[in-house]
Amino acid sequence: MNAQIPRYHGWSLFGLLSLLVLLMTALILAFNPDLIEATRTAIRATARTSFALFLAAFTASAFAVLVPSPLSKTLVRERRFIGLAFAFSHLVHAALIYTYGQLNPEFWPGRTTVGNIPGSIGYLFIILMTLTSFKTTTRLIGRKAWKALHVSGMWVLAAVFTYSNFKRIPLSAWYVLPFGIMFSAIVVRVIGKLAQKAKRVATDRKLTQ
Ligand code: HEM
């Protein structure tokens, strides 16, 4: 018997990833008897699913250059949908933060305006990048502006993740792990870009010879 393994790509991949985020959130909320604590746990969990999806999109092209493989090529091809699934996961993060604020009236007064700045800037870029991730909107703003927005947005989000994990290290040494992963991903991306540039220069030289 030739069993068919379902392959997810494009919107079906986005749908699958988003469904998994929703399922995880529902399970956390359903199985924790304390709704306030459950919401807080779900906030942390969605930050982690967002982190995993962000890392895949952030390092895809670097891995495709440094260690070409069917997986790294697939990641590059599906980068847009992985990015949109990241945005969806962070939409759930935002919805849970809102719910938590409603359930726990001490939440917002306990935060400072300065403390909300990195996350708010992060959300601003997520919204702008999501809105410009469709053919019509990409065409509307033009290739150059699209590239400037998406390249700077990825670095802003990398900075927010680095900071969010770094500031929690005093609370638990475990945060060294995601902080280290984010730092390594930045190194991989920079080396990947340099390798891409070197490859381009070598090809140009060959063509002009
Ligand atoms: C103003 C906007 C935001 C607010 C109010 C906010 C709020 C929160 C809260 C309440 C937690 C749980 C903290 C805990 O229980 O220890 C959390 C966790 C987290 N958030 Fe957000 N967040 C915001 C935006 C963002 C953005 C834009 C990012 C990343 C791009 C992000 C990344 C994280 C990370 C990495 C964690 C830690 C997850 C973990 O414990 O592993 N947040 N956030």
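Residues numbered from 1 in each chain as written. Predicted model: local features only at pLDDT ≥ 70, side-chain atom pairs only at ≥ 80, totals over all residues. Heavy atoms only, no water.

Some words on the site of the ligand
Here is step 1: The ligand sits among 22 residues. The nearest are Arg40, Arg44, Arg48, His93 and Tyr175.
Here is step 2: Contact between the ligand and Arg44: an oxygen atom at 2.6 Å from a side-chain N or O atom of the residue.
Here is step 3: Looking at the shell around the ligand, the elements with two or more residues in it are helix 2 (35-66), helix 4 (79-103), helix 5 (113-131) and helix 7 (143-166).
Here is step 4: Grouping the constituent residues of the shell around the ligand by class yields ten nonpolar, seven polar and five charged. (Near = heavy atom within 4 Å. Polar contact = N/O pair within 3.5 Å; in protein donor to acceptor, adjacent residues only side chain to side chain. Helix = DSSP H or I, 4+ residues; strand = E, 2+ residues; numbered from the N terminus. Nonpolar A, V, L, I, M, F, W, Y, C, P; charged D, E, K, R; others polar.)

Some words on the nonpolar core
Here is step 1: Phe54, Phe58, Phe86 and Met182 are the most contacted members of the largest nonpolar core, which has 26 residues in total.
Here is step 2: Secondary structure elements with two or more residues in this core: helix 1 (11-31), helix 2, helix 4, helix 5, helix 7 and helix 8 (176-208).
Here is step 3: The greatest single-element share of this core, amounting to seven residues, is contributed by helix 2.
Here is step 4: When residues no more than four places from it in sequence are discounted, the contact partners of Met182 are Phe51, Phe54, Leu55, Phe58, Ala158, Phe161 and Thr162.
Here is step 5: Ile28, Ala42, Leu96 and Phe107 belong to the second largest nonpolar core, which has ten residues in total. (Core = buried A, V, L, I, M, F, W, Y, C linked by side-chain atoms within 4.5 Å. Buried < 20%, exposed > 50% of the residue type's maximum accessible area, 1.4 Å probe, protein only. Contact = heavy atoms within 4.5 Å.)

Comments concerning the coordination of the iron atom of the ligand
Here is step 1: Within the protein, just one atom coordinates the iron atom of the ligand: His93 (NE2), at a distance of 2.4 Å.
Here is step 2: Among the secondary structure elements, His93 is positioned in helix 4. (Donors = N, O, S within 2.8 Å, 3.2 Å for Na, K, Ca; no water.)

Description of a nonpolar patch on the surface
Here is step 1: Nonpolar side chains collect at one region of the surface, where Phe63, Leu66, Val67, Phe183, Val187 and Ile191 lie side by side and expose about 510 Å² of accessible area between them.
Here is step 2: With three residues, helix 8 is the largest single contributor of residues to the nonpolar patch.
Here is step 3: Looking at the secondary structure, you find Leu66 in helix 2.
Here is step 4: With relative accessibility at 37%, the residue Leu66 sits in the partly exposed group. (Patch = residues over 30% accessible without salt bridge, like charges linked within 9 Å, V, L, I, M, F, W, Y side chains within 5 Å. Areas by Shrake-Rupley, 256 points an atom, 1.4 Å probe, with all protein chains shown as cover. Salt bridge = Lys/Arg side-chain N within 4 Å of Asp/Glu carboxyl O.)

Points about the packing of helix 7 against helix 8
Here is step 1: Remark: helix 7 packs on helix 8, axes separated minimally by 8 Å, with the N-to-C direction vectors making an angle of 155°. Considering the angle they form, helix 7 stands roughly antiparallel to helix 8. Taken as a pair, helix 7 and helix 8 cross one another with a handedness that is left-handed. From helix 7, Met154, Trp155, Ala158, Phe161, Thr162, Asn165 and Phe166 reach across to helix 8, where they touch Pro178, Phe179, Met182, Ile186, Arg189 and Val190.
Here is step 2: Grouping the amino acids of the contact of helix 7 with helix 8 by side-chain chemistry returns ten nonpolar, two polar and one charged. (Axes fitted to C-alpha atoms, helices over the stretch in contact; angles between N-to-C directions. Parallel < 35°, antiparallel > 145°, perpendicular 65-115°, else oblique. Left-handed = near helix turned anticlockwise from the far one by under 90°.)

Thoughts on the environment of Ala202
Here is step 1: Among the structural elements, Ala202 can be located in helix 8.
Here is step 2: Judged by relative accessible area, Ala202 falls into the partly exposed class, the value being 42%.
Here is step 3: Note: C-alpha distance between Ala202 and Ile97 (105 residues apart in sequence) is 49 Å.

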